[in-house]
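# Overview (structure and organization)
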Amino acid sequence: MTCPGTAPGLVFDKVAIDKDHAPLIALDRRIAPGEVLTVMGPSGVGKSTLLAYAAGFLAPAFQGTGRVLVDGEDVTRLPAHRRHMGLLFQDPLLFPHLSTGDNIAFALPAEVRGRAARRQAVREALRQVDLDGYEDRDPATLSGGQKARVAMIRVLVSRPRALLLDEPFSRLDATLRDQIRRLVFSMARERNLPALLVTHDCADAQAAGGPIVELPASGGLSTL
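So, here's what we can say about the structure. (Residues numbered from 1 in each chain as written. Predicted model: local features only at pLDDT ≥ 70, side-chain atom pairs only at ≥ 80, totals over all residues. Heavy atoms only, no water.)

Between two packed helices, both the angle of their axes relative to each other and the distance between the axes serve to describe the pair. Packing of helix 3 (residues 100–107) against helix 5 (residues 144–157) brings their axes to within 7 Å, and their N-to-C directions diverge by 30°. Classed by the angle they form, the pair helix 3 and helix 5 counts as roughly parallel. In the packing of helix 3 onto helix 5, the handedness of the crossing is right-handed. Contact residues: Thr100, Asn103, Ile104 and Ala107 in helix 3; Val150, Ile153, Arg154 and Val157 in helix 5. Its residues assigned to classes, the contact of helix 3 with helix 5 comprises five nonpolar, two polar and one charged. (Axes fitted to C-alpha atoms, helices over the stretch in contact; angles between N-to-C directions. Helix = DSSP H or I, 4+ residues; strand = E, 2+ residues; numbered from the N terminus. Parallel < 35°, antiparallel > 145°, perpendicular 65-115°, else oblique. Left-handed = near helix turned anticlockwise from the far one by under 90°. Contact = heavy atoms within 4.5 Å. Nonpolar A, V, L, I, M, F, W, Y, C, P; charged D, E, K, R; others polar.)

Another aspect to go through is unusual backbone geometry. Despite not being glycine, Asp130 shows a phi value in the positive range, around 60°. Along the chain, the position of Asp130 falls in the loop between helix 4 (115–128) and helix 5. Accessibility expressed as a relative area gives 61% for Asp130, which makes it exposed. For Arg159, which is not glycine, the phi dihedral falls at a positive 60°. Here Arg159 lies in the loop between helix 5 and strand 7 (162–166). Look at Arg159 and you get partly exposed, because its relative accessible area is 48%. (Buried < 20%, exposed > 50% of the residue type's maximum accessible area, 1.4 Å probe, protein only.)

The next subject is the pairing of strand 3 (residues 36–40). Look at any regular strand and the pattern is simple: side chains alternate between the two faces of the sheet. The buried count for strand 3 comes to five of five residues, which makes it a mostly enclosed element. Taking every second residue as pointing to the same face, both faces of strand 3 are buried, with Val36, Thr38 and Met40 on one and Leu37 and Val39 on the other. As paired strands, strand 3 and strand 8 (residues 195–199) are joined by five bridges and run parallel to one another. The residue bridging Met40 from the neighbouring strand is Thr199, located in strand 8. Summarising the sheet, strand 3 and strand 9 (residues 212–214) pair through three bridges and their orientation is parallel. The partner of Thr38 across the bridge, within strand 9, is Ile212. (Pairing = 2+ DSSP bridges.)

If you check helix 6 (residues 174–190), its first and last C-alpha atoms are 24 Å apart, about what 17 residues at 1.5 Å a residue would give, namely 24 Å. Within helix 6 the residues assigned to the buried category are Arg177, Ile180, Arg181, Leu183, Val184, Phe185, Met187 and Ala188. Just downstream of helix 6, Asn192 is the residue with a positive phi angle, here 60°. (Expected span 1.5 Å × (residues − 1).)

This part is about the sheet that holds strand 6 (residues 85–88). Read from one edge to the other, the open sheet built from five strands follows the order 6-7-8-3-9, with strand pairing classed as parallel. Where the open sheet ends on each side, the last strands, each with one partner, are strand 6 and strand 9. Neighbouring strand axes in the sheet, compared pairwise and without regard to direction, differ in orientation by 15° on average. The strands touched by helix 5 within the sheet are strand 6 and strand 7, with strand 6 carrying the most contacts at an inclination of about 175°.

In structure tokens, the structure reads:
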């Protein structure tokens, strides 16, 4: 048996979250490197709260206990910026005052030094999502699918240790949703990243190809 403190991947060790002091959701689970755990359920059952707890920005109305570990390191008490979690939301959240390339450059680690090296890293990132030559494009001129790809690669260039996916495909039409889903999950597997996906869409869960946990619509504590 592997102890939570030594297991690779993303571990929720006896995590329990209350809302206004009423039990909301609990999770005691390990997500292996390259695996996607999908948590399904309607709004209000605590899905996004799990992501917030893992990422380090739980709202004051919630109280959380238990540990979050990444590759054996307890990150529960670390500030959000030191946890190195990659977050992908429903909206791409691209900075409108920056070019497409500068949006990606913003997420590059500090150790990528020098203007030439950072430009090359941006070009390579765009190439990986079939957006060669888009460095100088205004994000407002991109299609929905292009914005989603830029948002995804921006997360990956930050070199996250795990991915937290908050219904990132819900604003896309059916065709784009399928394309972006395949891109996100394949890139997560290629990088051996553990991922937690929250969604209400069965197709998202099936495309993720990992274990699926379904939450009840109501009725108090949801335990995973």
